[in-house]
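Now for the letters of each chain:
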Amino acid sequence: MTKKNEYKKTRFFEKISRIRAGDYKIGDFMIADAKDVDVAGGVPSMGLRRDRETGKSSGYRNRPEFLQQVRDLIKQDVLDIMLSSTATIEQLADEGAFENSKIMPAFRGNEATDAWVGIRGGRYRDFPPRPYRGAALEFARAPLCLYSLTYINDAEHDASSLEAYARFRADARMNGKMHFLEVFNPNVEAGLSGDQVGFFINDCVVRTLASLTRQEKPEFLKVAYNGPGPLEELVQHDPSMVVGIMGGGGGTHRDTFELLAQAERYGARLALFGRKINGAEDQCLMITWMRRVVDREVNSIEAVRGYHADLQRQGCVADRSLENDLQITDSMLKDAVTET
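Residues numbered from 1 in each chain as written. Predicted model: local features only at pLDDT ≥ 70, side-chain atom pairs only at ≥ 80, totals over all residues. Heavy atoms only, no water.

Please provide a residue-by-residue account of the overall build of the chain, values included.
Helix and strand counts for the chain come out as 12 helices and 10 strands. Its C-alpha atoms give the chain a radius of gyration of 19 Å, near enough to 20 Å, the size a compact globule of 340 residues would have. Over its C-alpha atoms, taken along the principal directions, the chain stretches across nearly 55 × 45 × 45 Å. Counting over 340 residues, the chain shows a buried share of 54%. Restricting the contact set of the chain to residue pairs at least 6 apart, pairs at least 24 apart contribute 70%. For the chain, the computed accessible surface area is about 15100 Å², with 48% contributed by carbon and sulfur atoms. Side chains of the chain give 46 positive and 50 negative charges; the mean places of these two sets differ by 4 Å. (Helix = DSSP H or I, 4+ residues; strand = E, 2+ residues; numbered from the N terminus. Rg over C-alpha atoms; globule rule 2.2 N^0.38 Å. Buried < 20%, exposed > 50% of the residue type's maximum accessible area, 1.4 Å probe, protein only. Contact = heavy atoms within 4.5 Å. Areas by Shrake-Rupley, 256 points an atom, 1.4 Å probe, with all protein chains shown as cover. Lys, Arg positive; Asp, Glu negative; His and termini not counted. Charge placed at Lys NZ, Arg CZ, Asp CG, Glu CD.)

Structure below.
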């Protein structure tokens, strides 16, 4: 799947078309897996290799093991989008991995330095990010790509980042690529209080999109979950723009499921998770229960219990006890918790 119009056979196209038309229904929430970890870090980015029966880790997965995990998820065919690096997408495309799948393949269109979080000994996130681009769009083997921006409340930095985004959009149009826009919270001190961050991001996003014609606009947004208020505000401001949320750090599985439940409730229509999936004991099982949460079949507590029960039936040792995994550790989620 390399041509832009071929994406019409995917669930992504079916769902986003209904959402944009105002016809969102239960089941249309999209789940994306961020398997682009190799552009964020080195050897550790592939995740820990674990023994299912003992739960013990034995170093990091190598690339063949990581690729097999991606193949398994594509074969499961529950995800809506599989995001990966251009190198991974190329290998999967050569194998025909997406040919009988309704999953949309996507690649990372830039690798800003604040995303270089997996480099051992690295401290790139301590500094204002630079909008580095490594992927050559003319060679990329997927019709959709991600572009990331980080606003830090500094005019020189933010204007420079926006100019780089404009150059990317021109390149994307020339090469027939669609894109979605990821906007990170500031990674350095930005003179904002905690409750200002979400609204600062909203205003930056709205101001950015105001300069774009329909031909230039992203297919959807991906932002951090900064609580119900900022999310609802962004969603309601322009119903034609589909808003998704990112997964953030690891946390418990209750954190994962509760984040999904709150995001769907307050208007997000997509979740793109990386570490929350890549670090799961069984990634296919995790996605199955994520799907059930966003489809409102189960709540976050029931999902944790169900996931643990499935792990046990498969003879897989969980990383945390059920009691510990039922805890919410992300403070952003606690005020709007859906179940207790």
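For the pairing of strand β1 (residues 30-35), give the residues involved together with the corresponding values.
In terms of residue burial, β1 counts as a mostly covered element, since six of its six residues are buried. Residues Met 30, Ala 32 and Ala 34 line one face of β1 and the alternating positions Ile 31, Asp 33 and Lys 35 line the opposite face, and both faces are buried. Sheet topology note: the β1/strand β10 (residues 270-273) ladder contains four bridges and is parallel. Bridged to Ala 32 within β10 is Leu 272. Relative to strand β4 (residues 81-84), β1 runs parallel, the two sharing four bridges. Paired with Ala 34 across the two strands is Leu 83, which belongs to β4. (Pairing = 2+ DSSP bridges.)

Talk me through unusual backbone geometry; I want residue IDs and the actual numbers.
Comment: phi is negative for the bulk of residues other than glycine, and the bulk of peptide bonds are trans. Backbone geometry places Asn 153, a non-glycine residue, at a positive phi of 65 degrees. Here Asn 153 lies in the loop between β6 (144-150) and α4 (155-174). On the basis of relative accessible area, Asn 153 is assigned to the partly exposed category, the value being 42%. With a phi angle near 60 degrees, Arg 296 is a residue other than glycine that sits in the positive phi range.

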